[in-house]
Amino acid sequence: MSTLSDQLVKMEKHNSIFESAVRALPLPVCPAFGAASQPQAVTFASTERVLSTKDSDSVAKSFPNSVQASGNVVLASSGTNLKAAQGKRVAVLFSGGPAAGGHNVVVGLKRALGAGNTLFGVKPGPKGLIKGNLFEITDADIESVVNTGGFDFLGTDRTKIKTDAQFNQVKETCVKHNLDAIVVIGGDDSNTNAAVLAEYLFKGVKADGSGVQVIGVPKTIDGDLQIGDLLPISFGFDTATKIYGEMVGNILQDTRSSLKYWHFIKLMGRSASHVTIEVALQTKPAVTIISEEVAEKKQSLASIVDQIAQAVIGRSAKGINHGVVLVPEGLIEFIPEMNVLIAELNDVLAHHADAFASEADADKTAFVMSKLTPANATLLASLPAYVVRMLLAERDSHGNLQVSLIPTEQLLVDMVKARVKEINSTIPFGAHCHFLGYEGRCGAPTLFDAAYTYNLGLTAGSLILDGRTGYMATVTDLDKGGVPRAIPLTGLLNIERRHGKDEFVIEKALVKMDSPAMQYFVSRRADWAADDLFCSPGPRQLWGDVAKQMPISVALNSGAGSLVFSIG
Ligand code: FBP
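Caption draft 1: Summary view of the overall build of the chain. The helix and strand tally for the chain stands at 23 helices and 16 strands. Viewed in the frame of its principal axes, the chain has a C-alpha envelope of about 75 × 60 × 55 Å. The averaged location of the 58 negative side-chain charges in the chain is 2 Å from the averaged location of its 52 positive side-chain charges.

Caption draft 2: Representation of the sheet that holds strand E12 (residues 430–436). Taken in spatial order, the 4 strands line up as E10-E11-E9-E12 in an open sheet, and their pairing is parallel. Each edge of the sheet is formed by a strand with only one pairing partner; in this case those strands are strand E10 (287–288) and E12. Across 7 bridges, the pairing between strand E9 (residues 261–267) and E12 is parallel. Bridged to histidine 263 within E12 is histidine 432. Sheet contacts for helix H13 (residues 301–317): E9, E10 and strand E11 (323–328); angle to E9, the most-contacted strand, approximately 150°.

Caption draft 3: Summary view of the site of the ligand. What surrounds the ligand is a group of 13 residues, the closest being Gly97, Arg158, Asp222, Glu329 and Tyr438. One nitrogen or oxygen atom from the side chain of aspartate 222 is found 2.6 Å from an oxygen atom belonging to the ligand. Here an oxygen atom of the ligand and a backbone polar atom of glycine 269 are 3.3 Å apart. Contact with the protein chains covers 82% of the free accessible surface of the ligand, which is 490 Å². Here the residues of the shell around the ligand sort into 3 nonpolar, 4 polar and 6 charged. If you count residues domain by domain, the shell around the ligand takes at least three from each of domain 1 (41–236 + 445–506) and domain 2 (242–440 + 515–542).

Caption draft 4: How the structure looks around the packing of aromatic side chains. Overall, the coordinates contain 10 aromatic pairs when judged by the stated rule. Plain terms: the ring middles of phenylalanine 63 and phenylalanine 504 are 5.3 Å apart, the flat faces sit at 85° to each other, and that makes the pair edge-to-face. You can see phenylalanine 63 sitting in the loop between helix H3 (56–62) and helix H4 (64–70) and its partner phenylalanine 504 sitting in strand E16 (residues 501–506), a full 441 residues away along the chain. Assessed through its relative accessible area of 23%, phenylalanine 504 is described here as partly exposed. Taken together, the ring pairs in this structure connect Phe448, Tyr452 and Phe565 into an aromatic cluster. Residue placement shows lysine 123 over the ring face of phenylalanine 135; its charged tip is 5.1 Å from the ring centre. Lying across the ring of phenylalanine 435, lysine 266 places its NZ or CZ 4.5 Å from the centre.

Caption draft 5: Molecular detail of the packing of helix H8 (residues 164–176) against helix H9 (residues 188–200). Where H8 contacts H9, the axes come no closer than 11 Å and their chain directions differ by 65°. In terms of axis orientation, H8 runs roughly perpendicular to H9. Here H8 and H9 pass one another in a crossing that is right-handed. On H9, the residues touching Phe167, Asn168, Val170 and Lys171 of H8 are Val196, Leu197 and Tyr200.

Caption draft 6: Quick look at the domain arrangement of the chain. For the chain, the domain assignment lists domain 1 (41–236 + 445–506) and domain 2 (242–440 + 515–542). Computed over C-alpha atoms, the centres of domain 1 and domain 2 are 34 Å apart. Taken together, the contacts link 14 residues of domain 1 with 15 residues of domain 2. For the pairing of domain 1 and domain 2, the buried interface totals around 1300 Å² over both sides, and the portion due to carbon and sulfur atoms is 53%.

What counts as what
Residues numbered from 1 in each chain as written. Predicted model: local features only at pLDDT ≥ 70, side-chain atom pairs only at ≥ 80, totals over all residues. Heavy atoms only, no water. Helix = DSSP H or I, 4+ residues; strand = E, 2+ residues; numbered from the N terminus. Lys, Arg positive; Asp, Glu negative; His and termini not counted. Charge placed at Lys NZ, Arg CZ, Asp CG, Glu CD. Pairing = 2+ DSSP bridges. Contact = heavy atoms within 4.5 Å. Axes fitted to C-alpha atoms, helices over the stretch in contact; angles between N-to-C directions. Near = heavy atom within 4 Å. Polar contact = N/O pair within 3.5 Å; in protein donor to acceptor, adjacent residues only side chain to side chain. Areas by Shrake-Rupley, 256 points an atom, 1.4 Å probe, with all protein chains shown as cover. Nonpolar A, V, L, I, M, F, W, Y, C, P; charged D, E, K, R; others polar. Domains from an automatic or database assignment. Phe/Tyr/Trp six-rings, centres within 6.5 Å; stacked < 30°, edge-to-face > 60°. Buried < 20%, exposed > 50% of the residue type's maximum accessible area, 1.4 Å probe, protein only. Lys NZ or Arg CZ within 6 Å of the ring centre and 35° of its normal. Parallel < 35°, antiparallel > 145°, perpendicular 65-115°, else oblique. Left-handed = near helix turned anticlockwise from the far one by under 90°. Buried area = accessible area lost by both parts, 1.4 Å probe.

And the structure:
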């Protein structure tokens, strides 16, 4: 008989009671894949849906092979693949921020490929592909990572494959490892990169003149990779928002218990406010700011502050001196005057990178100000040093401002405090700040994300065995059992001006003002501000009926009749 301390040692390295139990959680499969105990790869056939964007003509010129092959036609599963290819060598990588369920994509992929094909993991992310850092994924690996959160099995990074030298290195990796296919699990930028890679590797990679297939898988907790009914949500969103929902629910419960604090909670989501609106729908706090609405109404920073201050004052008049304010991570870029400032800062930092780097830290702000228009220099000077420092911080490799580092929640607390005092100095206003971000990205996937990602992996593997390239795997009809489909990546590409250059990109899906989720939120928010109507969604569940919930915003936007999802 083992002692308790022996048992505790055995729990190390991802073997807690929970992690061991979660690995045994059965995963349902879409009916197309057959029995859950032994899912089969499927074939695909064209549907009647052809995708296009305003820039489809330019896309066709720059991606001739991919567009000619797919015709930008959406595919749907058409039957079991009885003649599935054998001997294929497939590499898989994570790209961008982690999102719960990534490991199950790899599990689904491996199971679709079966014993007749070889799956390699790339470590870490696109950088690992450039360097040729691959290893063979075994069945034992799969058993150990199934249903676990995080991307730690392969690691991830944000390298954008963009230079000729990098493309050549990727080609060398393909040749060296004799690869037939690459699966890129990533967000909008990473799937754009997958489209570019698919075209680049379309033919002429191997000695016989053939190419390497590239398939994308839609990941991001931000939820900004959405394509109507073809892709109602990216994976990771459900887990992240349920984790944040639980934490916000707990904080709301504390506000009504301790009766003296306002909590300003910034929620991750680089640009879009999908995470914020979902958490608001789950918890019903007093105030929720939606970045897209701020932009649409051209709200200034001062008017957002005033809006929150009025809620503080209105509740105080009823004796409620507490509440929660949800703030989307990307808010700062949606406030018109800040957006203009950030755009000019991006240009200045890009054009004077060397000179900026050689300035002493204490002189950097003055250096940048000397290059800005007077209006932007004045605005920058009016911001607290803790915000300025982050506005001048290094951009990521896609050239994006790292908004997660900007303490918008603290800025709002400081400004709301001053505004409330200005209006009525007798109103008590105690405030705390939180940033919920990294906590939500790597938790064990919810049942929704676990099942969704497993089926996305089965779909990606099936697409490879069906000889397809340049598609993003998707699973639709999530309240009706699930249907594996494939979206032609070139059908999603638009031209956007980024950092002074025209680039092909998959457009970020922002919260739409006329979406059912936004309209429902707008119809309820005045009541939530006026009184404590919050609710607590509680911890995410993996067993039992409570586990079978899809995100509220996804259910509303897709016209579902209830919150219950159905895969399998
Ligand atoms: P992806 O779009 O790559 O999935 O990343 C999303 C995200 O989680 C954002 O919400 C956040 O702004 C960013 O990653 C933080 O990135 P990092 O891990 O580099 O700090």
